[in-house]
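Structure assessment
Chain by chain, the residues run as shown.
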Amino acid sequence: MSRSIVRQSKFRHVFGQAVKAEQGYDDIRVSKVTWDSSFCAVNPKFLAVIVESSGGGAFLVLPLSKTGRVDKNYPLVVGHSGPVLDIDWCPHDDNVLASCSEDCTAMVWQIPDKALTRPLSDPIVVLEGHSKRVGIVSWHPTARNILLTAGSDNLIIIWNVGTGEPLISMDDHPDLIYSISWNRNGSLFCTTCKDRRLRVCDPRKREVVAERLAPHEGIRPMRAIFTREGNIFTTGFTRMSQRELGLWDPTNFEEPIALLELDTSNGVLLPYYDADASMVYLCGKGDSSIRYFEVTEEPPYVHYLNTFSSKEPQRGMGFMPKRGVDVSKCEIARLFKLHDKKCEPITMTVPRKSDLFQDDLYPDTAGPEPAMEPEEWLDGRDEDPILTSMRGGYVPPKSREIKVAKKNVLDSRPTARRSMSTVETNNLSFDSFISS
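About the thresholds
- Residues numbered from 1 in each chain as written.
- Predicted model: local features only at pLDDT ≥ 70, side-chain atom pairs only at ≥ 80, totals over all residues.
- Heavy atoms only, no water.
- Helix = DSSP H or I, 4+ residues; strand = E, 2+ residues; numbered from the N terminus.
- Buried < 20%, exposed > 50% of the residue type's maximum accessible area, 1.4 Å probe, protein only.
- Contact = heavy atoms within 4.5 Å.
- Areas by Shrake-Rupley, 256 points an atom, 1.4 Å probe, with all protein chains shown as cover.
- Pairing = 2+ DSSP bridges.
- Axes fitted to C-alpha atoms, helices over the stretch in contact; angles between N-to-C directions.
- Phe/Tyr/Trp six-rings, centres within 6.5 Å; stacked < 30°, edge-to-face > 60°.
- Lys NZ or Arg CZ within 6 Å of the ring centre and 35° of its normal.
- Polar contact = N/O pair within 3.5 Å; in protein donor to acceptor, adjacent residues only side chain to side chain.
- Core = buried A, V, L, I, M, F, W, Y, C linked by side-chain atoms within 4.5 Å.

Attention shifts here to the overall build of the protein. When you go through the protein residue by residue, the secondary structure sums to one helix and 35 strands. Going through the 436 residues of the protein one by one, you find that 56% of them count as buried. For the protein, the proportion of contacts with a sequence separation of at least 24, taken over those separated by at least 6, is 53%. Carbon together with sulfur atoms contributes 48% to the accessible area of the protein, which is approximately 19,400 Å² in total.

Now the structure itself:
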């Protein structure tokens, strides 16, 4: 009796393919700032890319359908007075984006459905609470209007952007924070830091609940993300500067679940996680390849699948949420690779002969509806994302306008209000994101 020795997995034959040249985005002057963020954020409606600009920081927002050459005079989003370092689309409203900058602020923007016709310079709200540059912005996965920012002042602030007020401030990190990742229900987040520690933080208790010194022995920057099961996937360097990935159980940091050496290269590996397929895509800055792995519960736990290779090195990468992929082509992921002067979409596809909807490839995925309000989350409630079916493909919701309501009817100043963590009074509040 013959016994199969090949691991069974529906993702074993996933292959990557760059789209045709006319389906890319050309003539984009990608930012040259020396910061290890992805420089790109994408959702089912828009592509946003941090770009070079004179006299402050700017980023470009394009409707996904606006492929081809981008006009050099195409209007930008230009509110920051210093280079933009990170951008993140709100998971609960495809027209709302957060940005942060060297000017020590974070800003939240409402992007109109149609392409911009003039530069956008008025954010909905400006978040001021950091004393040094702000390098990370990250939306809460399930609670409406909750945004996390982290700066070079080693401070983490969690904001309610509906009021512009800081809710939580944590100063547990003694050095620069490299990365932050929320877990699936947003009850915890994990961080990597220049002091070589991996930490798991409970923001509502304002404490570090678990930490591990040097999950990777090298001194180069690390990255960490939560998996759906609550484990932590890390990338870093060995003492001999070899790139390495690891999988850890935060309830038992003594030994890794898996530890795997990859190659010798300088670029930091940015991990992108697909919770539905339990796959991780590793994109190194300066690399010309994307490796992808499947994370399972059987040894060796992290299974190498394949590598997508091309000739051009990547400056950054964007990762499409699952509800934005093309189910009719069995596409399970879409990455947006930044070159020096263009953005190139790359599709990851499972080869199937049938044209029917593939239930096994597309379980219900996190939808655009928030599971709870900011006050409920702050009071200790935890909720998993509200799931939506992928059958029938993605249908974009109607644009949800954010309305700004002034508390003082005599106040006629501009709509963007600055809110400071040291000042309790606030001139502005805006309604919660209105469900479609």
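Let's pick the thread back up.
What follows is about the sheet that holds strand β14 (residues 156–160). Reading across from one edge, β12-β13-β14-β15 is the order of the four strands in this open sheet, with antiparallel pairing throughout. Every interior strand has two partners, whereas the edge strands, β12 (134–139) and β15 (165–170), have only one. Adjacent strand axes in the sheet meet at a mean angle of 25 degrees when their direction is disregarded.

Right, let's talk about the packing of aromatic side chains for a bit. Aromatic ring pairs are reported here in terms of the distance separating the ring centres and the angle at which the planes meet. Under the counting rule described, the total for this entry stands at ten aromatic pairs. Among the aromatic residues, those joined into a ring-pair cluster are Tyr272, Tyr281, Tyr292 and Phe319. Geometry around Phe237 places Arg220 over its ring, the cationic atom sitting 4.7 Å from the centre. The cationic tip of Lys285 hangs over the ring face of Phe39; the distance from NZ or CZ to the ring centre is 3.8 Å.

A few words on the side chain of Ser31. Tracing the backbone shows Ser31 in the loop between β2 (25–26) and β3 (40–42). The exposure class of Ser31 is buried, given its relative accessible area of 4%. A polar contact is formed between the side chain of Ser31 and the backbone nitrogen of Val33, at a distance of 3.2 Å. Excluding anything up to four places from it in sequence, Ser31 contacts Phe39, Ile50, Val51, Glu52 and Arg315.

Moving on: the nonpolar core. In terms of nonpolar packing, the biggest core is built from 70 residues, with Ile28, Tyr281 and Met348 touching the most fellow members. The biggest single contributor to this core is strand β4 (residues 46–51), with six residues. If near-sequence neighbours (up to four positions away) are discounted, Met348 is found in contact with Val14, Phe15, Gly16, Tyr281, Ile290, Tyr292, Phe308, Cys330, Glu331, Ile332, Ala333 and Leu335.

For the bond running from Pro299 to Pro300, omega is 0 degrees, close enough to zero to count as cis. Relative to the assigned elements, Pro300 resides in the loop between β26 (289–295) and β27 (302–309). Positive phi is not limited to glycine here, since Ser241 has a value of about 65 degrees. Following the sequence through the fold, Ser241 ends up in the loop between β21 (232–237) and β22 (242–248). On the accessibility criterion, Ser241 (36% relative accessible area) is partly exposed. One non-glycine residue, Cys330, adopts positive backbone phi at about 55 degrees.

Spatial strand order, β3-β4-β5-β7: four strands in an open sheet with antiparallel pairing. Single-partner strands in this sheet number two, and they are β3 and β7 (77–80). On average, adjacent strands in this sheet sit at an angle of 20 degrees to one another, irrespective of strand direction. Pairing between β3 and β4: three bridges, direction antiparallel. For Val42, the partnering residue across the bridge sits in β4 and is Leu47.

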